[in-house]
Amino acid sequence: MNRKWLLLALLAAQPALADDMVQWWDLSATALYGDNYDLAPSERQTTVTIETAGGWKYGDWFAFQDFIYFNGNNGGKDSTTYGEISPRFSASKILGKPVGVGAITDVSLALTYEEGEGPVKSFLYGVGLDFKIPYFSYFQLNTYRRDTISSGNLSDGWQLTPVFRMDFPVGHSNIVLDGFIDWVFSADNTSYEENFHFNPQVKYDLGAAIFGAHKKDKLFVGIEYDYWKNKYGVKGIDQNTYSVIAKYHF
C-alpha cells in the first residue's frame, strides 16, 4: 500500500461504514515545526499530519499520514512521508458484555500497518488493553509482535505502546496532555538496537478561549516533545527535540 492509498483509506474511514456501525469519529490536521531531528536530510522539519480516530460497532481505529518537508540544506531530498493504520477489535463489543478485571475495562485484538519511503513497512499484531485510571481521559496499552515487510527493515521483534490523554480545565478553556510511547525490544536481528520513543504533546484549546464553548475541541496550539533513544534502532542516535504545533479538528 503506497502513501496515496493509505491517505485515501484514512480519509474514507468515516463515511465508509453505515451510520449504525460508527459510534464516533474525528478527523484533524496538524502543522508542526521543529529542529534537531537526527538521521534526516535536514535537522529542521515541517510536518503536516492528517489524522483520524473513531469507535465502531466492533472496536476502534486510529490512523495518520505524515507529510514531512525538510528545511535548509537537504542534499536534494525535499520531502518524505510516513503513515500508520491501527484498527482494534474489542472483545467487549464483539461479545456484547464487559471483558475486563480491576482497572482493565476492555481487551482487544490490536493491529497496525506501518508504511513510508524506505525500508519501514511492517505489520504489527497483538493485544490491546484499555484502563480506567484516575485523572486520565483514556489510557491504552498495546503489546505487539513486529513482522517486517520491506527488504532491509531489521525491526522484527516486540513492541510495547502506551497511548494516553489527560485534560486540565483552565477557565473557559482546556489544556490537553496526550501522546504515546513506542518501546521496541527483543529485536530478532542483533544489529537493530532496542529503542524507546516518547512523544507527548501539550496543547491549549485556543478555539474555546477565543470563540467560546461552541468552538471547544476545535483549534489547539502548543508544543511537542520528542525523545527517541537509539532512533530507528541505530545505537547511540538519541533524538531530543521540541516543536511548535497547531491542530484543527474538523
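Described below are features of the structure shown in this document. Note that the coordinates shown come from a computational prediction; the quantities given were computed from them, not determined experimentally. (Residues numbered from 1 in each chain as written. Predicted model: local features only at pLDDT ≥ 70, side-chain atom pairs only at ≥ 80, totals over all residues. Heavy atoms only, no water.)

## A word on the packing of aromatic side chains
As enumerated under the stated definition, the model contains twelve aromatic pairs in all. Considering the side-chain rings of F131 and F139, the 5.9 Å spacing of their centres and the 80° angle between planes classify their relative orientation as edge-to-face. Centre to centre, the rings of F198 and Y225 are 6.4 Å apart; their planes meet at 75°, and the pair counts as edge-to-face. Linking F198 in strand β10 (residues 195–205) with Y225 in strand β11 (residues 219–229), this pair joins segments that are 27 residues apart in sequence. Overall, F198 belongs to the partly exposed group, its relative accessible area being 26%. (Phe/Tyr/Trp six-rings, centres within 6.5 Å; stacked < 30°, edge-to-face > 60°. Helix = DSSP H or I, 4+ residues; strand = E, 2+ residues; numbered from the N terminus. Buried < 20%, exposed > 50% of the residue type's maximum accessible area, 1.4 Å probe, protein only.)

## Structural notes on the sheet that holds strand β9 (residues 173–185)
As summarised here, the arrangement of the twelve strands in space is β1-β2-β3-β4-β5-β6-β7-β8-β9-β10-β11-β12, forming a closed barrel in which the pairing is antiparallel. Here the strands of the sheet are splayed against their neighbours by 20° on average, with no regard to which way each runs. Direction of pairing for β10 relative to β11: antiparallel, over a ladder of eight bridges. When the sheet's bridge partners are listed, H197 is paired in β11 with W228. (Pairing = 2+ DSSP bridges. Axes fitted to C-alpha atoms, helices over the stretch in contact; angles between N-to-C directions.)

## What to know about the pattern of salt bridges
In this structure the tally under the stated criterion is nine salt bridges. Each of the salt bridges in this network shares a partner with another, and the network as a whole consists of D60, R88 and D130. (Salt bridge = Lys/Arg side-chain N within 4 Å of Asp/Glu carboxyl O.)

## Thoughts on the side chain of S90
Structurally, S90 can be placed in strand β4 (residues 79–90). Given the relative accessible area of 3%, S90 is considered buried. Residues within four places of S90 in sequence aside, it is in contact with Y58, G59, D106, V107 and S108. (Contact = heavy atoms within 4.5 Å.)

## Things to note about the side chain of T52
Within the secondary structure, T52 sits in strand β2 (residues 44–56). At 3.3 Å, the side chain of T52 forms a polar contact with the side chain of W61. (Polar contact = N/O pair within 3.5 Å; in protein donor to acceptor, adjacent residues only side chain to side chain.)

## Description of a nonpolar patch on the surface
On the surface, a cluster of nonpolar side chains totalling about 480 Å² of accessible area is made up of Y33, V202, I223, Y242 and V244. You can see V244 is positioned in strand β12 (residues 239–249). (Patch = residues over 30% accessible without salt bridge, like charges linked within 9 Å, V, L, I, M, F, W, Y side chains within 5 Å. Areas by Shrake-Rupley, 256 points an atom, 1.4 Å probe, with all protein chains shown as cover.)

## Topic: the environment of D238
For D238, the position within the fold is in the loop between β11 and β12. Classification of D238 by relative accessible area gives partly exposed; the value is 33%. Apart from residues no more than four positions distant in its own chain, D238 is found in contact with D38, W228, K229 and N230. One polar contact links the side chain of D238 to the main-chain amide nitrogen of N230, over a distance of 2.9 Å.

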